[in-house]
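# Results of the structural survey
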Amino acid sequence: EILEHIRGVPELGYVIRGLVGKQREKKDPNMQGDVYTATEIEEVVKKEQIGDILIPSTHPLTNGYSELIALCKKKRIKLKVLSPESEELLRFSKVIDIAGIPIYSPPRRHIDAAKAIVKRIFDVTASLVLLLVLAPVFLLITICILLEDGRPICFKQKRALVKGKREFHFLKFRSMVKDAERKQAELYQKNQTSGGLFLLKNDPRVTRVGRFIRRFSLDELPQLFNVLKGEMSLVGPRPLSIADLENISEENKLGGFYALRANAVPGMTGLWQISGRREVSFKEMVLLDLYYIENQSLLFDLEILFATVPVVLFGKGAY
């Protein structure tokens, strides 16, 4: 059907050089090109000087889709996806019309070097100022944690945006009992969210001090040190624990699109936080991340930071 549309509008200048199927075969001349196997894609791209790859659906590409995205990035190929089940993605991305077919185009724009430098300077400057201004708050929280449950003061956990990509040790003020991670396995059956995240509104592991600092996101303040080290930014997609990343269902990987989160630097706050935090589903979180990555700028970061203030003050979506 897609081929018929393209063939019906030759003035577009598109020429089909080949199709990808389950087995190698010579196709009908009217269909324009041979049928190649998935393992031959890179060879065909080089041989036929391919400029675009069009995918009619993400369904058959749940496995291997990330590799295809990587190939397109490496060879500077435009990847277009027509996917009925990805209507939500269209709300957050550009839609290109080819021969009457609405097509989602994955984000390809990256922050240039100048923007990246400006963002980094802003992160370092703002983090230093915040650490100085909030020093009394750090001291007060430290004393409260020591009085209630002793050391350690901070909780350190390995996190990343995508499993296996730029993992780092994420810092928070400890808001749970000391053996919280061990007890999480026992509580998975009571998990109140889906997609790969773990959430209990009345988590028994949270301490009294923890409930207060979590409600107003004060437990996140030590991440300012992660920002200074360059592991995080003030604004960006939220990093997840390695355990959560391992539990992401195939459905919530959005055909591999979730892996594009790795194109950004993890953030202390982001669109997810100002859109409801824990009340937002995993899939919606990924879509918001993709929108941010495609449209990120210093002005956009400032808008998110200002919008974060009332969310933190009123504790919306925090448990």
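This write-up is about the structure you can find in this document. (Residues numbered from 1 in each chain as written. Predicted model: local features only at pLDDT ≥ 70, side-chain atom pairs only at ≥ 80, totals over all residues. Heavy atoms only, no water.)

Our next topic: the overall build of the chain. From N to C terminus, the chain includes 13 helices and eleven strands. Within the chain, buried positions represent 45% of all 319 residues. Summarising the internal contacts of the chain: among those between residues at least 6 apart in sequence, 68% fall at separations of at least 24. Carbon together with sulfur atoms contributes 57% to the accessible area of the chain, which is approximately 17,600 Å² in total. (Helix = DSSP H or I, 4+ residues; strand = E, 2+ residues; numbered from the N terminus. Buried < 20%, exposed > 50% of the residue type's maximum accessible area, 1.4 Å probe, protein only. Contact = heavy atoms within 4.5 Å. Areas by Shrake-Rupley, 256 points an atom, 1.4 Å probe, with all protein chains shown as cover.)

Attention shifts here to the nonpolar core. Residues Ile53, Leu68 and Leu79 are the most contacted members of the largest nonpolar core, which totals 26 residues. The set of elements that each furnish at least two residues to this core consists of helix H2 (41-48), strand S3 (52-55), helix H3 (65-75), helix H10 (242-246) and helix H12 (282-295). Residue contacts for leucine 68: discarding those within four places in its chain leaves Ile41, Ile53, Ile55 and Leu79. Grouped together as the second largest cluster of nonpolar side chains are 25 residues, Ile145, Val227, Leu288 and Phe300 included. (Core = buried A, V, L, I, M, F, W, Y, C linked by side-chain atoms within 4.5 Å.)

A word on the packing of helix H5 (residues 113-133) against helix H6 (residues 135-149). Packing of H5 against H6 brings their axes to within 4 Å, and their N-to-C directions diverge by 60°. One finds that H5 runs oblique with respect to H6. For the pair H5 and H6, contact is made by Leu131, Leu132 and Val133 and by Ala135, Pro136 and Phe138, respectively. Considering only residue class, the contact of H5 with H6 consists of six nonpolar, no polar and no charged. (Axes fitted to C-alpha atoms, helices over the stretch in contact; angles between N-to-C directions. Parallel < 35°, antiparallel > 145°, perpendicular 65-115°, else oblique. Nonpolar A, V, L, I, M, F, W, Y, C, P; charged D, E, K, R; others polar.)

Glancing now at helix H8 (residues 208-215). Looking only at H8, the buried set comprises Val209, Gly210, Ile213 and Arg214. For H8, the angular spread of buried residues about the axis comes to 125°, placing them on one side. Buried residues along H8 sit against H6 and strand S8 (168-173). Where H8 begins, the capping side chain belongs to threonine 207, and its oxygen is found 2.9 Å from the backbone nitrogen of glycine 210. After H8 finishes, the residue serine 217 shows a positive phi value of roughly 60°. (Arc of directions from axis to C-beta. Polar contact = N/O pair within 3.5 Å; in protein donor to acceptor, adjacent residues only side chain to side chain.)

So, about the pairing of strand S7 (residues 154-160). Direction of pairing for S7 relative to S8: antiparallel, over a ladder of six bridges. Across the sheet, residue phenylalanine 155 finds its bridge partner in S8, namely lysine 172. Where S7 and strand S10 (residues 240-241) come together, two bridges link them in antiparallel fashion. Residue pairing across strands places alanine 160 opposite leucine 240, the latter belonging to S10. (Pairing = 2+ DSSP bridges.)

Going from arginine 151 to proline 152, the amide bond is cis rather than trans, its omega being 0°. Relative to the elements of secondary structure, proline 152 occurs in the loop between H6 and S7. Look at glutamine 49: it is not a glycine, yet its phi comes out positive at around 55°. Position of glutamine 49 relative to the elements: it lies in the loop between H2 and S3. With a phi close to 50°, arginine 166 is a non-glycine residue in the positive phi region. Among the secondary structure elements, arginine 166 is positioned in the loop between S7 and S8. Under the relative-accessibility criterion, arginine 166 is labelled exposed at 54%.

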